[in-house]
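Next come the chains, spelled out residue by residue.
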Amino acid sequence: MDCKAFSVFVGIDVSKDKFNVCAISNPNSIIFEHVFEMSKQGFSSFVDNLSSFSKNSIILAMESTGCYHLNLLSFLSLNNFSCVVFNPLTIKDSPSISLRKTKTDKIDARSIARTLFYLQQELPSSPFLNTELRDVVRERESLISRISKIKNNIEKLLNLLFPELENFTNIYNDSILNLLSSFPSAKAIQNASFNSLRVFFSKSVGRKPILSPVSLKELANNSIAQYWPMKEKILIQNIKELKFLQQQLKEYDEILNQYCQCSSFNVDIELLTSIKGIGQNSAMHFLAEVGNVSRFSSYKKLIAYCGLDPSIYQSGKRKTESHISKRGNAHLRRIVWLMSVSVVRHNEYFREYFERKRSHGLPYKKAMIAVAHKLLRTMYAMLKKQEKFNVDYALSSSKLNLNFT
């Protein structure tokens, strides 16, 4: 982003029903301040206030608010305004020219405008991220978490209702789930007829369950389970919820696959999956959170965006580096950690790097953080150069060329 052309710096503090605006030419010169409604008329009025300036001379910034800022951001971008979205921590840590501990929407808009002025030379060349794809990926991640919790609930309930079943078959087999939806306990199966049990086994699709109606009946008759009628009803509802969530997960997977097939994202996914240990889903999640790596002028900024950079404390002659900052994208940090664990297991290059760090005395977590840094540097280089991972080259040289101008 060419910052030399900008002469008007606009800070926007967004809330649910309104947004405060402060336009400055420098930190001590306010051009105008105003409050606009979060409506079509308010958007138009705001643009009218900027009409006396050339669009090429204006840059606007707002804090990320989760969802409230997105419609305004999209509207301004479609009208060819240069926009930047700040992490709220950036504004919080920016220097204040006032000693008073006062916080209002008007003051926040001024702070954003001044921060934009001070950081104009450090703005990313490509500041935008495809939030729609990111939202789908995060919803998928949330679904997986909910499915895991439901499965835990089902297992706890079966430990009371039919504890022996899990030792003899996969309880998440479709035919077993369907069976439990009608006969949710050992007591219910004891009272069921052989013909009613055979129906569920005859309708099973895919891998057949190990149990037969006869062996299932015998297992139920010898069960230690007692009669828990309310827990049976809860189990039935949990199974219904599990099936619903699993169907949703399939639909989200289809949405993501369709998106990747119709975009340049597919090329970047192919590059990342050339690293043994990184699958399509993890690559997709990583790219949805990161977007175009050109947003980051160096791999160090990508590491900081993940919150994997060390927190540094310096006072006088004392300087210490402690834990990772954890001030970046928490979703991305989780994905990078999972990717790092996977490449250590499946990729010789990263496994040797991990073992070397362990041999130097680093505990497990610190060694894994070192692998995460190495992996991020590698992926940054690959995406920048548009080159696949070459195991032979990586092993022979022990490092990738990461110098970019």
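See the structure above.
Residues numbered from 1 in each chain as written. Predicted model: local features only at pLDDT ≥ 70, side-chain atom pairs only at ≥ 80, totals over all residues. Heavy atoms only, no water.

### Points about the sheet that holds strand β3 (residues 29-37)
Inference 1: Within the open sheet, the five strands sit side by side as β3-β2-β1-β4-β5. Their pairing is mixed. This sheet does not close on itself; its edge strands, each paired only once, are β3 and β5 (82-86). Along the sheet, successive strands turn relative to each other by an average axial angle of 20°, direction set aside.
Inference 2: Pairing analysis gives eight bridges linking strand β2 (residues 18-26) to β3, with the strands arranged antiparallel. By the bridge assignment for β3, I24 is matched with I30.
Inference 3: Sheet strands touched by helix α1 (residues 40-50): β1 (8-14), β2, β3 and β4 (58-63). Its angle to β3, the strand with the most contacts, is close to 165°. (Pairing = 2+ DSSP bridges. Helix = DSSP H or I, 4+ residues; strand = E, 2+ residues; numbered from the N terminus. Axes fitted to C-alpha atoms, helices over the stretch in contact; angles between N-to-C directions. Contact = heavy atoms within 4.5 Å.)

### With respect to the environment of S44
Inference 1: Of note, S44 is situated in helix α1.
Inference 2: For the pair formed by S44 and F75, sequence separation is 31 residues and the distance between their alpha carbons is 9.7 Å.

### Considering the packing of aromatic side chains
Inference 1: Per the counting criterion, the structure on display carries 13 aromatic pairs.
Inference 2: For the pair F117 and Y118, a centre-to-centre distance of 5.9 Å together with 80° between the ring planes defines the contact as edge-to-face.
Inference 3: Taking the relative accessible area as the measure of exposure, F117 reaches 22% and is therefore partly exposed.
Inference 4: In this structure Y118 comes out as partly exposed when scored by relative accessible area, which is 45%.
Inference 5: Their ring planes at 85° and their centres at 6.0 Å tell us that Y259 and F265 sit as a pair that is edge-to-face. (Phe/Tyr/Trp six-rings, centres within 6.5 Å; stacked < 30°, edge-to-face > 60°. Buried < 20%, exposed > 50% of the residue type's maximum accessible area, 1.4 Å probe, protein only.)

### Re the nonpolar core
Inference 1: Core analysis: the biggest nonpolar cluster contains 47 residues, and I275, F286, L376 and M379 have the highest contact counts within it.
Inference 2: Those elements that place two or more of their residues in this core are α5 (131-161), α10 (229-261), α11 (265-272), α12 (280-290), α13 (299-306), α14 (330-346), α15 (348-359) and α16 (364-385).
Inference 3: The element that contributes the greatest number of residues to this core is α16, accounting for twelve residues.
Inference 4: Sequence-distant contacts of I275, that is, excluding residues within four places in its chain, are made with V343, N347, F350, L375, T378, M379, M382 and F389.
Inference 5: If you look at the next biggest cluster of nonpolar residues, it comprises 33 residues, including I147, A188, L211 and L249. (Core = buried A, V, L, I, M, F, W, Y, C linked by side-chain atoms within 4.5 Å.)

### A closer look at the pairing of β2
Inference 1: With six bridges joining them, β1 and β2 adopt antiparallel strand pairing. For F9, the partnering residue across the bridge sits in β2 and is I24.
Inference 2: A loop of three residues connects β1 with β2, the two strands running antiparallel in sequence.
Inference 3: In this structure, the hairpin formed by β2 and β3 is closed by a connection of two residues.

### Let's talk about the pattern of salt bridges
Inference 1: Enumeration over the complete set of coordinates arrives at eight salt bridges.
Inference 2: Taking the shortest distance from any N to any O, the salt bridge between D135 and R134 comes out at 4.0 Å.
Inference 3: Looking at D135, the relative accessible area reads 40%, which means it is partly exposed.
Inference 4: Across the salt bridge formed by R146 and E139, the nearest N and O atoms sit 4.0 Å from each other.
Inference 5: A relative accessible area of 30% places E139 in the partly exposed class.
Inference 6: Salt bridges linked by common partners bring E33, K106 and R110 together as one network. (Salt bridge = Lys/Arg side-chain N within 4 Å of Asp/Glu carboxyl O.)

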